[in-house]
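A structural walkthrough
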Amino acid sequence: MESSSRLIVVTGPTASGKTRRAVSLARRLDGEIISADSRQVYRDMDLGTGKDMEEYGDTPVHLIDICPAGYKYNLYEYLRDYRSAYGKIVSRGHRPILCGGTGLYVESVLKGLSLPEVPENPELRASLRGLTLQQLTERLAAMKSLHNTTDVDTVQRAIRAIEIQTYYLQHPEAAVEAKPHPLTDALVIGVEVDRDTRRRRISQRLTSRLEAGMIDEVARLLESGVAPDDLIYYGLEYKYLTLYLTGRLSLSEMTSQLEIAIHQFAKRQMTWFRGMERRTGLPIHWLPSTMGDDEFNEAVIDLLTDGRAS
């Protein structure tokens, strides 16, 4: 009999409609959703992160709105919180459904990664201050193989990655603890959307969110005391809207540059997913976004029960 504790992952690029599919599936399978979105963990960051909370209705969802804006939530914390949420869902006899497009989070869960808590190293951080992102990237590459660019997409992330790797070198027992224990039976579903449709949805969604008050959302965060650099750290909407609100971009520059950045982000997501299949050994079963909800759900159930996804 197929176990209700077996993890289902619903992933795909931005604007593919993942949330709606995961909610429909959760209702069909008596499931609860665990978010795999690196920015939806923050409170008061709603329009810019595309939380769309109304889509969940009465479906339980975990790891959304768990940190204050301005905080820098990390992978260690995510994996800790994921394990806690997963355990509670399974203890209730419900189906865990991981939904989101943050590839690092999804892949780390599928790899069964468990990270030790790595404390800050003020002396190391001071020694790295002033180095360029390129210099930091080279420093990190000399310490470990860089399989992706997530660790080095900002100066802050690169410094933290060097800090973590330095800790592992100084504490070999922590490096052993961090070795993965891959999931072998997770079912990974991708919501497939063709390039032209994806681009159109991204553009339409950006327009609607701007009209819904996304600029005001970022302005409130700044007024509440969140530092501009902290919002820029979150990237995409928060980066470009902050640059606009602090006078570094005009409205038209912000809108056009942000739209381009989101399109580029979606392309990087697809590149990540292709690599994730190789790195985890788990296939992504792509289902077209044009499927109706019932058809989508039945296709997932077929994959759960026919053995092809195990």
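Below is a short write-up of the structure.

About the thresholds
Residue indices begin from 1 for each chain and proceed along its sequence in written order. In keeping with the predicted nature of the model, local features appear solely for residues at pLDDT of at least 70, side-chain atom pairs appear and are counted solely at 80 or more, and the whole-chain, interface and lining totals rest on all residues. The basis for the side-chain values is all heavy atoms of the structure; hydrogens and waters are excluded. Going along the chain from the N terminus, every DSSP run of H or I of four or more residues is numbered as a helix, and every run of E of two or more is numbered as a strand. Here, two residues are considered to be in contact whenever any of their heavy atoms come within 4.5 Å of each other. Residues belong to a common nonpolar core when they are buried Ala, Val, Leu, Ile, Met, Phe, Trp, Tyr or Cys residues joined through side-chain atoms within 4.5 Å. Throughout this description, buried means an accessible area under 20% of the type-specific maximum (1.4 Å probe, protein chains only), exposed means over 50%, and partly exposed covers the range between. Strands are labelled as partners when DSSP assigns at least two bridges between them. To get an axis, a line is fitted to the C-alpha atoms, and for a helix only the part in contact is used. The angle between two axes follows their N-to-C directions and goes from 0 to 180 degrees. When a carboxyl oxygen of Asp or Glu is within 4 Å of a side-chain nitrogen of Lys or Arg, the pair counts as a salt bridge. Note on convention: the crossing is left-handed when the near helix lies turned anticlockwise from the far helix by less than a right angle, right-handed when the turn is clockwise. An angle below 35 degrees is treated as roughly parallel, one above 145 as roughly antiparallel, one from 65 to 115 as roughly perpendicular, and anything else as oblique. Under the grouping applied here, Gly and all other residues not named as nonpolar or charged are polar, the nonpolar ones being Ala, Val, Leu, Ile, Met, Phe, Trp, Tyr, Cys and Pro and the charged ones Asp, Glu, Lys and Arg. Note on ring pairs: Phe, Tyr and Trp rings are taken, using the six-membered ring of Trp, and paired if centres are within 6.5 Å. Classes follow the plane angle, with under 30 degrees stacked, over 60 edge-to-face and the rest tilted. Whether a charge sits over a ring depends on NZ of Lys or CZ of Arg being within 6 Å of the ring centre and within 35 degrees of the ring normal. Cavity: a set of points on a 1 Å grid over the protein atoms alone where a 1.4 Å probe fits but cannot get out. Pocket: an open set with protein on both sides within 12 Å along at least five of seven lines, its lining residues, like those of a cavity, having an atom within 4 Å of a point. Grid points are joined across faces, edges and corners, and a volume is the space filled by probe spheres set on the points.

**Structural notes on the side chain of Q165**
Looking at the element boundaries, Q165 is found in helix α6 (residues 155-170). Once residues lying within four places of it in the same chain are set aside, the contact partners of Q165 are L140, M143 and K144.

**Observations regarding the nonpolar core**
Among the nonpolar cores identified, the biggest contains 59 residues, and I34, Y78, Y82, L98 and L110 are the most heavily contacted of them. Of all the secondary-structure elements, those providing two or more residues to this core are α2 (75-91), α3 (103-110), α6, α8 (195-211), α9 (214-223), α10 (228-233), α11 (236-245) and α12 (251-280). Setting aside anything within four residues of it in sequence, one finds I34 in contact with H62, L63, Y78, Y82, A85, Y86, I89, I97, L98 and C99. In this structure, V10, V23, F296 and V300 belong to the second largest nonpolar core, which totals 21 residues.

**Section: the sheet that holds strand β1 (residues 8-11)**
Think of a sheet as strands paired side by side through backbone hydrogen bonds, with each pair either parallel or antiparallel. Reading across the sheet, the six strands line up as β3-β2-β4-β1-β5-β6 and stay open at both edges, with parallel pairing between neighbours. Where the open sheet ends on each side, the last strands, each with one partner, are β3 (61-62) and β6 (284-288). Sheet strands touched by α2: β2 (31-35), β3 and β4 (95-99). Its angle to β2, the strand with the most contacts, is close to 175 degrees. Strands β1 and β6 of the sheet are contacted by α12, whose axis makes an angle of about 140 degrees with β6.

**Side note on the pattern of salt bridges**
Taken as a whole, this structure holds 16 salt bridges when the rule is applied. Put simply, R125 and E120 hold a salt bridge, and the shortest N to O gap is 3.8 Å. Taking the relative accessible area as the measure of exposure, R125 reaches 28% and is therefore partly exposed. E120 gets classed as exposed once you look at its relative accessible area, which sits at 57%. When salt bridges with common partners are traced through the structure, they connect E120, R125, R160 and E163 into a single cluster.

**Brief notes about the packing of helix α1 (residues 18-29) against helix α13 (residues 293-305)**
Two elements in contact, α1 and α13, have axes separated by 10 Å at closest approach and are oriented at 65 degrees. Pair α1 / α13 crosses with right-handed handedness. Each of R20, R21, S24, L25, R28 and L29 in α1 lies in contact with α13, whose residues at this interface are D293, F296, N297, E298, V300, I301 and L304.

**Side note on the packing of α3 against α12**
Relative to each other, α3 and α12 sit at 10 degrees, their axes nearing to 11 Å. As judged from the angle between their axes, α3 and α12 are roughly parallel. The hand of the α3/α12 crossing is right-handed. Listed contacts from α12 to G103, L104, V106, E107 and L110 of α3 are W272, M276, R279 and T280. Of the residues contributing to the contact of α3 with α12, the split by class is five nonpolar, two polar and two charged.

**Looking at unusual backbone geometry**
Phi at D30 is positive, roughly 55 degrees, even though this residue is not glycine. By the element assignment, D30 lies in the loop between α1 and β2. Residue D52 is not a glycine yet carries a positive backbone phi of 45 degrees. The residue D52 is located in the loop between β2 and β3 in this model. Owing to a relative accessible area of 29%, D52 belongs among the partly exposed residues under this scheme.

**Comments concerning the packing of aromatic side chains**
Using the criterion set out here, one finds five aromatic pairs in the structure. Geometrically, the ring pair formed by Y42 and Y234 is tilted, given 4.6 Å between the ring centres and 45 degrees between the ring planes. Taken together, the residues Y42 in the loop between β2 and β3 and Y234 in the loop between α10 and α11 connect sequence positions 192 residues apart. For Y42, a relative accessible area of 2% gives the class buried. Classification of Y234 as buried rests on a relative accessible area of 9%. Aromatic side chains Y82 and Y86 sit 5.9 Å apart centroid to centroid with 35 degrees between the ring planes, which places their arrangement in the tilted category. Here Y82 and its partner Y86 are both found in helix α2, four residues apart, which amounts to about one turn of the helix. Judged by its relative accessible area of 8%, Y82 falls in the buried class. Each residue in the set Y42, Y233 and Y234 is aromatic and connected to the rest through ring pairs, giving one cluster. Its guanidinium or amino end placed over the ring of Y233, K72 lies 4.7 Å from that ring's centre, counting from NZ or CZ. Positioned above the aromatic ring of W272, the side-chain terminus of R279 is 5.1 Å from the ring centre.

**With respect to empty space enclosed by the protein**
Per the counting criterion, the structure on display carries one cavity of 30 Å³ or more. Put simply, the largest cavity is a space of about 40 Å³. I202, R205, L206, R209, M214, E237 and I262 together form the lining of the largest cavity. With four residues, the top contributor of residues to the lining of the largest cavity is α8. Tallied by class, the residues present in the lining of the largest cavity amount to four nonpolar, no polar and three charged.

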